[in-house]
Amino acid sequence: MREIVKERIEVFKDNGVSEVYFYGVDEAKGEMLKAERSSWKAVHEEGGKMWVACFEGFYDLVGDLLDTVVYYSTPDSKMARKVHADRGHKIYGYGVTEWKVGHLGTEQPYSVRSNYGLNYWKAGYDGVCEYSY
């Protein structure tokens, strides 16, 4: 795996990409997240970064290795502060609880602006993602 990671990073850097992110197992929890730790460490040791969508409970398991978390929850300012302050990593929002106004549903600009824009911005997030980003 290290050789593949090293090779991919080299190709991207040769083409002007300064940071290369690798994606973990989507929406993994508990033991699955723990099982990914050694792979994520290897990615970091080769100069890459990690990002993935996670649920509550990710921080204590992989917060040290997850450079950008796409956090499946309503805006959580405490988590945003924790992710930024403790490690300087980034946090994106994903999975607004009001399904009618998010996740590629009906066009409702005011609701989407609030749920996927202002609420996450006020909570200190670095960005947001829609379903199937």
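Before going into details, it helps to say that this report is about the structure given with it. (Residues numbered from 1 in each chain as written. Predicted model: local features only at pLDDT ≥ 70, side-chain atom pairs only at ≥ 80, totals over all residues. Heavy atoms only, no water.)

Focus on the overall build of the protein chain
When helices and strands are tallied, the protein chain shows five helices and five strands. Each helix and strand of the protein chain, ordered N terminal to C terminal, gives the series α-β-α-β-α-β-α-β-α-β. Looking at the 133 residues of the protein chain, the share that counts as buried comes to 37%. Counting every atom, the protein chain has about 8,000 Å² of accessible surface; 51% of that belongs to carbon and sulfur. (Helix = DSSP H or I, 4+ residues; strand = E, 2+ residues; numbered from the N terminus. Buried < 20%, exposed > 50% of the residue type's maximum accessible area, 1.4 Å probe, protein only. Areas by Shrake-Rupley, 256 points an atom, 1.4 Å probe, with all protein chains shown as cover.)

Here's the deal with the sheet that holds strand β3 (residues 68-72)
Taken in spatial order, the five strands of this open sheet run β1-β2-β3-β4-β5, and their pairing is parallel. Two strands bound the open sheet, and with one partner strand each, they are β1 (21-23) and β5 (127-128). Direction of pairing for β1 relative to strand β2 (residues 49-54): parallel, over a ladder of three bridges. Looking across to β2, one finds that Tyr23 is bridged to Trp51. Relative to the sheet, helix α4 (residues 77-87) contacts β3 and β4 (90-94), its axis offset from that of β4 by approximately 150°. (Pairing = 2+ DSSP bridges. Contact = heavy atoms within 4.5 Å. Axes fitted to C-alpha atoms, helices over the stretch in contact; angles between N-to-C directions.)

Re the nonpolar core
Counting 25 residues, the largest nonpolar core has Trp40, Phe58, Leu66, Val69 and Ile91 as its most contacted members. Of all the elements in the fold, those that place two or more residues in this core are α1 (2-14), α2 (30-45), β2, α3 (58-62), β3 and α4. (Core = buried A, V, L, I, M, F, W, Y, C linked by side-chain atoms within 4.5 Å.)

A short note on α1
The first and last C-alpha atoms of α1 sit 18 Å apart over 13 residues, in line with the 18 Å expected at 1.5 Å per residue. Once α1 ends, the next one or two residues include Gly16, with phi positive near 85°. (Expected span 1.5 Å × (residues − 1).)

Some words on the pattern of salt bridges
Pairs can form between side chains of opposite charge whenever their charged atoms are close. Counted by the stated rule, this structure contains six salt bridges. Measuring nitrogen to oxygen at the nearest pair gives 3.1 Å for the salt bridge that ties Glu31 to Lys34. With a gap of three residues between them, Glu31 and Lys34 both fall in helix α2, about one helical turn apart. Glu31 sits in the exposed class, given a relative accessible area of 58%. Relative accessible area serves as the criterion here: at 42%, Lys34 is assigned to the partly exposed category. (Salt bridge = Lys/Arg side-chain N within 4 Å of Asp/Glu carboxyl O.)

Here we look at the side chain of Glu36
In this structure, Glu36 sits in helix α2. One buried charged residue, Glu36, remains without a salt bridge, the closest side chain of opposite sign being Arg37 at 10 Å. Apart from residues lying up to four places away in sequence, Glu36 is in contact with Gly24, Val25 and Ala28. (Lys, Arg positive; Asp, Glu negative; His and termini not counted.)

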